[in-house]
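# An overview of the molecular structure
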Amino acid sequence: MCLGIPGQIIEIIDEKLMQAKVDVAGIKRPVNIECIVDEQHPPQKCIGDWVLVHVGFAMSRIDADEAQRTLDLLQELEEYQEEVEAIKSSQKELET
Amino acid sequence: MKYVDEFRDPAKAKALISQINGLKEKLGIKDGAMPIQLMEFCGGHTHTIFRYGIEPMLPDWVEMIHGPGCPVCVLPMGRVDNCVELAERPEVIFTTFGDAMRVPGSKKSLLQAKADGADVRMTYSPMDALELAKRNPMREVIFFGLGFETTMPSTALTVIQAKNQGIKNFSLFCNHITTVPTIKAVLDSPDMRIDGFLAPGHVSMVVGERPFDFIADVYHKPIVITGFEPLDILQSIWMVLSQLAEKRCTVENQYARIVPPNGNPAALNAMAKVFELREFFEWRGLGSIDHSGVKMREEYQDFDAEVKFAVPLLKIADPKSCQCGEVVKGVLRPWECKIFGGACTPETPMGALMVSSEGACAAYYSFGDIPQLLAKREQQIKINIKDKSA
Ligand code: SF4
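Let us look at the structure shown here. Note that the structure is a prediction, hence the values are computed from the model and not measured.

### Points about the sheet that holds strand β8 (residues 223-226) of chain B
Residue and element names in this part refer to chain B. Strand order in the open sheet formed by 5 strands is β2-β1-β7-β8-β9, with parallel pairing between adjacent strands. In this open sheet, the two strands that pair with only one neighbour each are β2 (62-69) and β9 (251-253). Strand-to-strand twist of the sheet, defined as the mean angle between neighbouring strand axes without regard to direction, takes the value 25°. Alignment of β8 against β9, held across 3 bridges, turns out to be parallel. Each residue of the ladder has a partner; that of I225, found in β9, is N253. Contacting β1 (36-42), β2, β7 (196-200) and β8, helix α2 (residues 43-51) crosses the sheet at an angle of about 120° to β1.

Following this line, the structure appears as structure tokens:
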């Protein structure tokens, strides 16, 4: 109930009722989009948007740049980690 | 799945764990000292932590405390009894999120009421309940609204639509609860010794970052708004520990892909329109907490099941043997409760934390090594007795 699921808006069903059809993990269902539209981003502009869906409501547009930033940081950590492991194992080789 | 799988990569998890381990010295941790306690407030986080086995990955000087943020778990018994009574009215179709079906009331759960013939239906969305009302004009459709600020906007918007469309046979039984007063209650409890917090990501998506400032400013604890994938949790643990190591405390946002700093204005508007704070709300295991729940405003009375059906406020104490309150505050670990795994199991839950998969006790029960945990409890009891007689 509290865990949302990412989905992509594929069409607007009813602009007055703020209803859109969203593809959520392959299931297409009507979702309310009132919380993610405003003057700069009217319903028609929402098509193609990735959103987080909670109990039938799109509650947040997923910010692709922010997602990438987090992943980049994690990627750096992973590479850094590999480097450290490489240093460690080569030290071990020298000691033996 | 997009925006999900990327946050489950084991190699990156390993890198994060190594970063966490690297903080030990900077934090001045001595071997054998009391571990640093971090609380994940939200039941969704508890679920991820158990599902992906995050606890065993962490060094032994970090301990996760599983907080009270599972709305199903903290629902008081009296409220469940109210639901059952409403559901048993012949004219009523009682609709609810599936999670709430098995919560024990003092006589029965909604699931048992359904088995006994009440018209109880699980709906994924409150909008589906409204649709049901439109299709069944001769029946009264009640939606059981529960949850923190994550689900509050959805029920508010549904009620607003019901009013706009003039649907008279739809009402909300409002049991929504608020996050901030609850965290405050945890922080104020005298036996609490938590060093830092993971803040609920989806509550924050609605309310934004600022409502958590007091945790850093007044209580001087670091807090990080956290997403729900395993890497989100590990990264946030690392961020909280880094703050502790650097002797800082602020609100940080690990979940910026979903949580805008100011939250969601449209959602906040809808909530403010429909709901107002209650003086207090009863919690299972925590007792009564001031301003920790909301009720519907007078303008929406026609859609308020509490008013429409004159629902009495029942106060029913938790069973004496339950120790959910201590577990929720981090004073006891779930398996240290006297009836864990004995009288209280997911099949026959005595306490609320055993009900939902997001409850700490149910999580330990399904993912933990039960015989080992119970042996550990026996051991502790023995030590306590020895201590007392010495
Ligand atoms: S074992 Fe049962 S009674 Fe004990 S704390 Fe857990 S849920 Fe509550």
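### Digging into the interface of chain B and chain A
A common way to report how large an interface is uses the accessible area buried once the components associate. Contact with chain B, which involves 50 residues of that partner, is made by 37 residues of chain A. Both sides of the chain B and chain A interface together cover about 3,800 Å² of buried area, and 69% of this is carbon and sulfur. Contact with chain A buries area across many residues of chain B, yet Y3, K12 and Y124 of chain B alone supply 16% of it, more than any other trio. Where chain B touches chain A, the interface holds 2 salt bridges. We note a salt bridge from K12 of chain B to E78 of chain A, for which the minimum N-O separation is 3.3 Å. Our enumeration of links across chain B and chain A arrives at 11 residue pairs in polar contact (both at pLDDT 80 or more). The set of elements that each furnish at least two residues to the side of chain B that touches chain A consists of α1 (10-22), α6 (126-135), β5 (140-147), α7 (152-164), α9 (201-207), α11 (230-245) and α12 (265-274) of chain B. Per element, the largest residue contribution to the side of chain B that touches chain A is 7 residues, and it comes from α1 of chain B. Per-class residue counts for the side of chain B that touches chain A are 26 nonpolar, 15 polar and 9 charged.

### Some words on the pairing of β5 of chain B
Residues and elements named next belong to chain B. The element β5 is extensively covered by neighbouring structure, given that 8 of its 8 residues are classed as buried. Alternating residues of β5 divide into E140, I142, F144 and L146 and V141, F143, G145 and G147, and every residue in both groups is buried. Here strand β3 (residues 92-96) pairs with β5 via 4 bridges, running parallel. Residue pairing for β5: F94 is matched across the bridge by I142. Bridging between β5 and strand β6 (residues 170-176) involves 7 bridges; their strand directions are parallel. Across the sheet, residue F143 finds its bridge partner in β6, namely L172. Crossover handedness for the path β5 to α7 to β6: right-handed.

### Overview of the nonpolar core
F170 and F275 of chain B are the most contacted members of the largest nonpolar core, which totals 113 residues. Counting residues per element, this core draws most heavily on α7 of chain B, which supplies 6 residues. Split by domain, the residues of this core number at least three in each of domain 1 (1-319) and domain 2 (324-389) of chain B. Grouped together as the second largest cluster of nonpolar side chains are 29 residues, L77 of chain A together with L38, I54 and A245 of chain B included.

### So, the site of the ligand
The ligand sits among C322, Q323, C324, V327, C337, I339, F340, C344, G351, L353, M354 and C361 of chain B. Here the shell around the ligand is composed, by residue class, of 10 nonpolar, 2 polar and no charged.

### Regarding the environment of F212 of chain B
All names here are of chain B. For F212, the location among the structural elements is in the loop between α9 and α10 (213-217). Sequence separation between F212 and K329 is 117 residues; the distance between their C-alpha atoms is 18 Å. Those residues in contact with F212 that sit more than four places away from it in its chain are T179, I183, A199, P200, S204, V207, I223, I225 and V251.

Cut-offs applied
- Positions within a chain are numbered from 1, following the residues in the order the chain's sequence is written.
- The lettering of chains begins at A and the numbering of ligands begins at 1, in the order of writing.
- Reporting of local features is limited, given that this is a predicted model, to residues whose pLDDT is at least 70; pairs of side-chain atoms are given and counted only at 80 or more, and all residues count toward the totals for whole chains, interfaces and linings.
- Side-chain figures throughout are based on the complete set of non-hydrogen atoms in the structure, without hydrogens or water.
- Strands are treated as partners if at least two bridges between them are detected by DSSP.
- Secondary structure counts use DSSP, requiring at least four H or I residues in a row for a helix and at least two E residues in a row for a strand, with both numbered from the N terminus.
- To obtain each axis, a line is fitted to C-alpha atoms, and for helices this fit is confined to the stretch in contact; angles are then taken between N-to-C directions over 0 to 180 degrees.
- Working rule for contacts: check all heavy atoms of both residues, and any pair within 4.5 Å makes them a contact.
- Note on terms: buried area is the combined drop in 1.4 Å-probe accessible area of two parts once they are placed together, counting the loss on both.
- In what follows, salt bridge is the name for a side-chain nitrogen of Lys or Arg lying within 4 Å of a carboxyl oxygen of Asp or Glu.
- Within 3.5 Å is the distance limit for a polar contact, defined as a pair of N or O atoms, with the added protein rule that one can donate a hydrogen and the other accept it, and that residues adjacent in sequence qualify only through two side-chain atoms.
- Residues are grouped as follows: nonpolar covers Ala, Val, Leu, Ile, Met, Phe, Trp, Tyr, Cys and Pro; charged covers Asp, Glu, Lys and Arg; every other residue, Gly included, is treated as polar.
- Relative accessibility under 20% of the residue-type maximum defines a buried residue, over 50% an exposed one, and the middle range a partly exposed one, all with a 1.4 Å probe and only protein chains included.
- Classification remark: right-handed applies to a crossover when, strands pointing away from the viewer, the course from the first strand over the helix to the second runs clockwise.
- Among buried residues, the Ala, Val, Leu, Ile, Met, Phe, Trp, Tyr and Cys ones that are joined through side-chain atoms within 4.5 Å form a nonpolar core.
- For each domain, the first and last residues come from an automatic or database assignment.
- To be near a molecule or strand, a residue needs just one of its heavy atoms within 4 Å of it.

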